[in-house]
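Working through the structure, step by step
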Amino acid sequence: MLGSTAFISTRVAPAIHRAAGNAVVAVAARPGRVEASARFAAGFGARVHDGFEALLADPGVDAVYIALPNSEHVPWTLRALEAGKHVLCEKPLALSVADVEKVATAAGGLTVMEAYMYRFHPQQRRVVELLASRVIGELRVVRAAFAGVMDPVGNIRYDPSLGGGATWDVGCYAFDVPLWAFGRAPERVRARFHSAGGAPVDTSGVATLEFGDGRVAQIDYGFDYGPCARYELQGTRGWIGVRNAWTGPDEECVITVVTDEGWREEVLPGADAYEHQAAAFAEAVRTGRAPLVSLDDSQRTARVGEALVEAARTGADVSL
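Below is a summary of the structure that appears in this document. (Residues numbered from 1 in each chain as written. Predicted model: local features only at pLDDT ≥ 70, side-chain atom pairs only at ≥ 80, totals over all residues. Heavy atoms only, no water.)

Now for the nonpolar core. With 73 residues, the main nonpolar core has Val177, Trp180, Leu209, Tyr231, Leu233 and Trp246 as its most contacted residues. Per-element accounting of this core gives the leading share, 11 residues, to helix 7 (residues 166-182). Not counting the four nearest positions on each side in its chain, Val177 is found in contact with Tyr118, Val142, Ala144, Tyr231, Leu233 and Trp246. Counting 25 residues, the second largest nonpolar core, distinct from the first, contains Ala26, Leu55, Val87 and Leu295. (Core = buried A, V, L, I, M, F, W, Y, C linked by side-chain atoms within 4.5 Å. Buried < 20%, exposed > 50% of the residue type's maximum accessible area, 1.4 Å probe, protein only. Helix = DSSP H or I, 4+ residues; strand = E, 2+ residues; numbered from the N terminus. Contact = heavy atoms within 4.5 Å.)

Neither face of strand 1 (residues 26-29) is left uncovered, since the one carrying Ala26 and Ala28 and the one carrying Val27 and Ala29 both have all their residues buried. Viewed along the sheet, the connection from strand 1 through helix 2 (residues 34-42) into strand 2 (residues 47-50) turns out right-handed. (Right-handed = clockwise from strand over helix to strand, strands pointing away.)

Here we take up helix 4 (residues 73-82). Of the residues making up helix 4, those classed as buried are His73, Val74, Trp76, Thr77, Ala80 and Leu81. Check the buried side of helix 4 and you find it contacts helix 3 (52-56), strand 3 (63-66), strand 4 (86-90), helix 5 (97-107) and strand 5 (112-115). Taken from the residues just after helix 4, Gly84 is the one with a positive phi, measuring 85°.

Moving on, we get to the packing of aromatic side chains. Summed over all chains, the structure comprises 11 aromatic pairs. Clustering of aromatic rings is evident, with ring pairs tying together Tyr116, Tyr118, Phe146, Tyr173 and Trp246. The lysine or arginine in question, Arg79, covers the ring of Trp76, its NZ or CZ lying 4.3 Å from the ring centre. (Phe/Tyr/Trp six-rings, centres within 6.5 Å; stacked < 30°, edge-to-face > 60°. Lys NZ or Arg CZ within 6 Å of the ring centre and 35° of its normal.)

No statement about biological role is implied by the geometric values presented.
What follows is the structure, given as structure tokens:
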């Protein structure tokens, strides 16, 4: 693990350790933070390396989980690949299409997966099944929202030099929904960003993604309002709604399906998306098959993120 003192690591590391056939075996510390990393590693009986390069040189490490600030994802993914390690990298893998292409070139036969954990949750898998069954007919409109208030004090999300901003934090979850739902990139996007209190980054955004032939997505996201974590898939004969799309492990999952035939809810028990993600990543490594979130997906995500940033900057629609 690179970035063991990050909050996300406290969620992901135990899940990796629980997933069958996997174990957290080594943790890397930044200079001067060995003690903190050692406390974290003790819970897994893991080795502690003084520095990231030392961990990458560890022959007992098969794969690396990267939980560093956004701006460090690509540099350390490339170094991990150079060291012969598979990589599970927190989203966003990259902030540009060019950087995703660098990773794809460097990967060779190694597995690289962007960590959109909700895609592996049983709730999400069920929604994909329902959509494929065409119970709501042809998909026409996607609405997605993900927001929650975050304190700016000491928060790396407010640092533009680290790839901060709502678009690359919660926004990429929101626009990931129409990307998998429509199975393609949009033809055109428009976006408006807001920076609360003069923040140096976007703290919220609204966007429209046009997929052609009357298909469209409307999204909003931010860390200056909330909480909100839902999406709806509107088809020609009904809609599917998920009221808690990025659910925690102990939260009940409720999927609403509304058609001309009536209204119903499907209730699924809570599950740990991070554990399902770890198991799926390990399976991709062992089998050599492309992971659920492929580098093609990551390239598409980066392209949309770049387009939204450009649309917000210029105030004009951006074609992809």
